[in-house]
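Spelled out, the chains give:
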Amino acid sequence: MHGHAVLSPALAPENGIAHLAGKLDRLVGGLVEAVAAALVLIEIVILGAGVTARYVFHKPLIWSDELASILFLWLSMLGAVVALRRGEHMRMTGLVSRVGPGARSLLEALAITASIAFLLMILPHALEYAEEERFIVTPALEITNAWRAAAIPVGMGLMLLAACFRLLRFGSLKPVLLALGLTVALVLLFWLAGPMLKPLGKLNLVVFFVGVVALNVFSGVPIAFSFALATFGYLALTTATPLIVMVGRLDEGMSHLILLAVPLFIFLGALIEMTGMARAMIQFLASLLGHVRGGLSYVLVGAMYLVSGISGSKIADMAAIAPVLFPEMQKRGAKPGDLVALLSATGAQTETIPPSIVLITIGSVTGVSIAALFTGGMLPGVVLGAALCFVIWWRYRGEDLSHVARYSKREIGKLALVALPAVSLPFVIRAAVVEGVATATEVSTIGIAYSVVMGLLVYRQFDWRRLPRMLVDTASLTGAIIFIVGCATAMAWGLTQSGFSQDLAKIMAAVPGGTWGFLAISIVAFIILGSVLEGIPAIVLFGPLLFPIAKQVGVHEVHYAMVVIFAMGIGLFAPPFGVGYYGACAISKINPDEGLKYIWGYMLALLIGLVVVAAVPWISTGFLKF
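Residues numbered from 1 in each chain as written. Predicted model: local features only at pLDDT ≥ 70, side-chain atom pairs only at ≥ 80, totals over all residues. Heavy atoms only, no water.

Asks: Go over the overall build of the protein chain with me, naming the residues and quoting the values.
Replies: Summing up its helical and strand segments, the protein chain has 27 helices and 0 strands in all. Since a compact globule built from 626 residues should have a radius of gyration of about 25 Å, the 24 Å found for the protein chain is in line with a globular shape. The C-alpha extent of the protein chain, read off along each of the three principal axes, is 75 × 60 × 55 Å. Within the protein chain, residue pairs in contact and separated by at least 24 positions form 82% of the contacts whose partners lie at least 6 positions apart. As presented, the protein chain carries roughly 24600 Å² of accessible surface, and 70% of it is formed by carbon and sulfur atoms. (Helix = DSSP H or I, 4+ residues; strand = E, 2+ residues; numbered from the N terminus. Rg over C-alpha atoms; globule rule 2.2 N^0.38 Å. Contact = heavy atoms within 4.5 Å. Areas by Shrake-Rupley, 256 points an atom, 1.4 Å probe, with all protein chains shown as cover.)

Written out as structure tokens, the structure is:
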């Protein structure tokens, strides 16, 4: 999943109201974090027990999926609370980071007050929704569905509390009052304008889903809340739809069982780093290629290919690799700017490597087979990797290697033996899903069990003290991702109900050039969307609308998935807007300006690779079992 910017206003001195707010925030936040961390652990145990019961004892637990689904909604909502409290909801900070201190404080305060406005407006409808769900009884556990649905109002109430605490601890009173005034004024303005907006018909789509979304996103409001505010405003002011329906769509978006793979793979990524498996992989690759010109750059590309996608966060993938490779690369004279540019480019290149959270999300929202996506994602990543390797070869063709020691065959063999369990993990995971041994959700528990055993028995590196923090981090990132999926699902439903999808289908079907014209316009659109919205929001919002059109014009759905994921990845990791690029800079501790000189060569290579993948469908579909 994808970089996220941190919302971190200066906090007020710890006295008076700020001091009390700080104490309450730590108390409530600590409790929420503890429950969210426990839920991650319980989900792992439930799904692991389900896999064991089915495959080992041949006695499936009929209630395991249902219980996991109930707890998952609670995990997602409490994770969203943790993410809001820690400032880890995805947001675009391109404008916020470029303005002066005064304007920045105002925008930071606005990001909080806008979130508060949405939570206050939706909370009564969330409570009503939970109450309505009490009449539904779950099939396996035979309990009222209100136990599950209550997660939504409880989570929103706690988010409201966390946002208020942040506001009370804000560094300066003036921007807070200004932000509150602006937020109240805008809400009132839209409410008063309601009767004038209704006659505008489909023009309201531009007002809300372009105007309101853009205004919020560029102001630094978290993307999930930007989507939610636009959807709430559109439904409340221009339609007769009861707003309880929006809560239902939020619930639907967050309740796909396949999304349960998200927290488990995030936790698996953290385990791989903690147990030393990532380091073992990198050291082996470095022994093979370290003596070649640009060798460690090739290692970076290869290591990202192996590690990528498992954690669900490109930031986590980069954090596992950069600290191991960069010091040695700099010793050899590599420019810091070139290192961060290549790291960012590999983030885009490896977006389709299974078990990618983006692939799982696409499967969840479009109905495309996840096993097919996992199979189709491997070779396109190799094609873009080869394009990057050509740029590396060109740039490092004159590198001086006189001081570089070459590993002996015996040393390489020893490192290969050490790395074998680590290198095997990605292939074990992919094989288990593709061959139908386990679902994409269940296979993550196999990966977790494998990593724990390897960490304890093979690598003898397992820091128990880090586990609580890893569980909380997993819950936070899960909440940020799943809440965005829920809000984007509600927004996509609003767009669909307006007739927008039919209009879009007509426009896209009428694009000159048929299949190729459609692919070309999709590439341009998703590069722009990737740079503005990040990956998962763009996929959830436009995937259900565009995939049926792709099928109509004769593009295979797996081929189309690869094209749009790479286009989105290029947008996500290309400056000046791509937040993934700034994530790579933060991980590397390198100034973003230093990478600008070097990154465009890599981005051009990725674009050429993307055109090749788009032009040759076999690269994506050649290994599928039709």
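Moving on, there is more to tell.
Asks: Let's hear about the packing of aromatic side chains: which residues, and what values?
Replies: If you walk through the whole model with that rule in mind, you get 12 aromatic pairs. A ring pair is formed by Phe225 and Phe483, whose centres lie 5.4 Å apart and whose planes are at 55 degrees; its orientation type is tilted. Residue Phe225 is found in helix H8 (residues 223-238), and its partner Phe483 is found in helix H20 (residues 467-497); the two are separated by 258 residues along the sequence. According to the relative accessible area criterion, Phe225 is buried, its value standing at 0%. Ring geometry for Trp618 against Phe623: centres 5.5 Å apart, planes inclined by 50 degrees, an arrangement best described as tilted. For the pair Trp618 and Phe623, a shared accessibility class is recorded, and that class is exposed. Counting every residue linked through ring pairs, the aromatic cluster contains Phe118, Phe225, Phe232 and Phe483. It is Arg395 that lies over the ring of Tyr602; its NZ or CZ is 4.5 Å from the centre. The ring of Trp394 carries the charged tip of Arg397 above its face, separated from the ring centre by 3.8 Å. (Phe/Tyr/Trp six-rings, centres within 6.5 Å; stacked < 30°, edge-to-face > 60°. Buried < 20%, exposed > 50% of the residue type's maximum accessible area, 1.4 Å probe, protein only. Lys NZ or Arg CZ within 6 Å of the ring centre and 35° of its normal.)

Asks: Tell me about H20, and name the residues and values.
Replies: Note on helix geometry: an α-helix contains 3.6 residues per turn, so any two residues three or four positions apart are oriented the same way. Compared with an ideal rise of 1.5 Å per residue, which puts 31 residues at 45 Å, H20 spans 44 Å between its outermost C-alpha atoms and is within 8% of the ideal. Of all 31 residues that make up H20, 25 are buried, and the element is covered over most of its length. Phi for Gly499, located one or two positions after H20, is positive at around 90 degrees. (Expected span 1.5 Å × (residues − 1).)

Asks: Which residues make up the side chain of Ser444, and what values do they have?
Replies: Looking at the element boundaries, Ser444 is found in helix H19 (residues 440-458). In this structure, Ser444 is in contact with Leu264, Phe265 and Leu268, ignoring residues within four places of it in sequence.

Asks: Any details on the nonpolar core? Residues and values, ideally.
Replies: Within the largest apolar cluster, 212 residues are counted, with the highest numbers of intra-cluster contacts made by Phe118, Met156, Met159, Phe483, Phe526 and Tyr560. Considering every element that reaches this core, the biggest residue donor is H20, with 17 residues. Those residues within four positions of Met156 in sequence are excluded, and the remaining contacts are Met77, Phe118, Leu119, Ile122, Leu123, Ala126, Leu250 and Phe483. (Core = buried A, V, L, I, M, F, W, Y, C linked by side-chain atoms within 4.5 Å.)

Asks: Mind laying out the side chain of Asp25, listing which residues take part and the relevant values?
Replies: The topology assignment puts Asp25 in helix H1 (residues 16-55). Contacts of Asp25, omitting those with residues within four sequence positions, involve Gly30, Arg85, Phe165 and Arg169.

Asks: Lay out the packing of helix H7 (residues 203-218) against H8 in plain terms, naming residues and giving numbers.
Replies: The axes of two packed helices give the description: the angle between them and the distance between them. Contact pair H7 / H8: the axes reach a minimum separation of 9 Å and the direction vectors enclose 150 degrees. What the angle tells us is that H7 and H8 run roughly antiparallel. The two elements H7 and H8 meet at a crossing, and its hand is right-handed. Each of Asn204, Leu205, Phe208, Phe209, Val212, Val213, Asn216 and Val217 in H7 lies in contact with H8, whose residues at this interface are Ser226, Phe227, Leu229, Ala230, Thr231, Gly233, Tyr234, Leu237 and Thr238. (Axes fitted to C-alpha atoms, helices over the stretch in contact; angles between N-to-C directions. Parallel < 35°, antiparallel > 145°, perpendicular 65-115°, else oblique. Left-handed = near helix turned anticlockwise from the far one by under 90°.)

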